[in-house]
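Structure assessment
Below are the chains, spelled out letter by letter.
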Amino acid sequence: MSPALPPSLPAGEATRRTALSMALAGMAATAHAQQASPELNPPPGLWQVARGRGFTFGAAVQANMLATDPLYAAAYEREAGVLVPEFEAKWSSLQPKEGEFDFSGLDAIVNWGQARGRPVRGHALVWHEAFPDWALAAIAEGPQRARGVMAAHISRVLNTTRARIRDWDVVNEIVADPPGSDTPQADGELRNSPFFRALGPGYIETALRMSREQDPTLRLVLNDYGVEEDTPWAEEKRRRLLNLVRDLVRKRVPLDAVGIQAHLQMRNPFSPAIFGSFLRALRAEGVSVLITELDVREGDSVPEDYVARDRLVADRVAAFISASAEAGVRTFLTWGLVDRFSWTVIQADVARRDGKLHRALPLDWEYNRKEMWRAMARSFNTAA
Ligand code: 9MR
């Protein structure tokens with residue numbers, strides 16, 4: 001069958017998709033696969049398996065694909081208990097021009113979810129990416145303007161979505177990457193982002209307090225990445241994130257949960273003990289922990305045999321879920337569901353360099369369950 005590629009991408013996304021041609025080149029590699037069918041994907045779906053054991057499972061979704069690809073929509077209907085808009089709730093989608101809001105993409109996802117009883121979580125109010133030029137320029141005018149821009153966005157978005165979205169990533173990717181990466185460094189441990197430059201480190205507290213004021217019962221989440229693995233880099237990032245959370249809690253800043261993105265990489269070692277104790281330390285601060293964007297980038301070389309290859313990813317995911325569940329995590333969301341739409345095959349800087357395509361998600365290129373799906377189902381079934 002021919003590949004279903006995202007038909008139209010939100011403004012600013014298209015340029016990120018230079019690896020698309022690589023994805024097409026790799027199509028031949030999956031020619032052996034069978035097209036999705038009820039026989040290959042019988043009920044229960046992963047969200048039902050999870051729910052039966054007191055877990056929540058969901059996945060990031062794209063509104064365009066839900067509307068145009070019946071196999072994609074069927075896969076989400078079958079597997080995903082919670083939907084996270086991959087683009088549609090980001091600043092550049094919601095407020096592409098100052099004061100001109102566009103909720104159409106987000107509404108499409110929320111409506112689809114509501115018709116099927118699947119809640120939507122919001123991602124993300126304050127983030128340095130998917131952030132329009134007008135807002136960058138406005139923020140650079142000074143602190144008062146920056147605060148006004150933040151307040152206007154948060155207030156309009158939360159008021160518009162209040163009845164339908166009860167869970168938001170308020171601040172996303174705010175901890176600075178430790179030295180050794182190519183991210184511009186702040187003087188301290190926080191990312192040198194537009195709002196950081198305009199308002200200083202207090203912008204995090206400001207965003208969380210503004211959100212709480214708009215909507216007192218909303219779940220407010222701080223979402224970040226790079227804290228999962230057993231490397232000195234991740235160790236430092238864990239230290240920074242934990243420090244930040246402790247500081248916010250000490251100041252009684254409203255914060256309900258920390259989202260751990262979990263873009264895992266097989267090239268890095270994973271220690272269930274180290275990660276588990278980090279999660280416990282976070283939870284000891286009185287916040288919940290959610291796994292918000294789970295997927296796996298494979299190692300630099302992979303077995304030729306797909307089953308052996310998928311098993312490596314599945315084993316890593318099983319170890320990750322077990323460690324998280326043992327530390328009290330009940331929510332697991334993957335960043336996409338079907339390999340062919342994963343940012344790991346579409347985005348040039350994370351795509352494989354050997355012409356192969358990452359097999360990062362629970363469903364393969366043909367929307368069928370693979371080892372990762374089975375490992376997740378087993379992990380939910382066997383977790384305490
Ligand atoms: O998967 C998303 C990718 O397609 C977009 O180009 C990018 C910018 O909007 O965002 C990606 O999703 C990111 C998420 O919003 C935050 N954590 C990292 C995700 C992967 O980059």
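Overview of the structure. As the structure is a prediction and not an experimental result, all values here were calculated from the model. (Residues numbered from 1 in each chain as written. Predicted model: local features only at pLDDT ≥ 70, side-chain atom pairs only at ≥ 80, totals over all residues. Heavy atoms only, no water.)

This part covers the overall build of the protein. What the protein contains, in helices and strands, is 15 helices and 9 strands. The burial tally for the protein puts 59% of its 384 residues in the buried class. Considering only intrachain contacts with a sequence separation of at least 6, the fraction spanning at least 24 residues in the protein is 79%. Per element, the accessible surface of the protein, about 15,300 Å² overall, is 52% carbon and sulfur. (Helix = DSSP H or I, 4+ residues; strand = E, 2+ residues; numbered from the N terminus. Buried < 20%, exposed > 50% of the residue type's maximum accessible area, 1.4 Å probe, protein only. Contact = heavy atoms within 4.5 Å. Areas by Shrake-Rupley, 256 points an atom, 1.4 Å probe, with all protein chains shown as cover.)

Take the packing of helix H13 (residues 306–326) against helix H15 (residues 371–382) next. Taken N-terminus to C-terminus, the directions of H13 and H15 make an angle of 25 degrees; their axes are 8 Å apart at the nearest point. Regarding the angle of H13 to H15, the classification is roughly parallel. The chirality of how H13 crosses H15 is right-handed. Across the interface between the two elements, Val307, Asp310, Arg311, Val313, Ala314, Val317, Ala318, Ile321 and Ser322 from H13 touch Glu371, Met372, Ala375, Met376, Ser379 and Phe380 from H15. A class-by-class count of the residues in the contact of H13 with H15 yields 10 nonpolar, 2 polar and 3 charged. (Axes fitted to C-alpha atoms, helices over the stretch in contact; angles between N-to-C directions. Parallel < 35°, antiparallel > 145°, perpendicular 65-115°, else oblique. Left-handed = near helix turned anticlockwise from the far one by under 90°. Nonpolar A, V, L, I, M, F, W, Y, C, P; charged D, E, K, R; others polar.)

Quick look at the pairing of strand E1 (residues 56–61) now. A large share of E1 lies buried, amounting to 5 of its 6 residues. By the bridge criterion, 4 bridges tie E1 to strand E9 (residues 331–334) in an arrangement that is parallel. Paired with Gly58 across the strands is Leu333, a residue of E9. When E1 meets strand E2 (residues 83–85), the two strands line up parallel, connected through 3 bridges. When the bridges of E2 are listed, Val61 appears paired with Pro85. (Pairing = 2+ DSSP bridges.)

A separate point is the environment of Ile274. Its location among the elements puts Ile274 in helix H12 (residues 272–284). Separated by 45 residues in sequence, Ile274 and Glu229 have C-alpha atoms that sit 8.3 Å apart.

Moving on: helix H4 (residues 70–79). Among the residues making up H4, those that are buried are Tyr72, Ala73, Ala75, Tyr76, Arg78 and Glu79. In this fold, the buried residues of H4 make contact with helix H2 (46–52), E1, helix H3 (63–68), E2, helix H6 (104–115) and H15. Looking at where H4 begins, the residue whose side-chain oxygen comes 2.9 Å from the main-chain nitrogen of Leu71 is Asp69. (Polar contact = N/O pair within 3.5 Å; in protein donor to acceptor, adjacent residues only side chain to side chain.)

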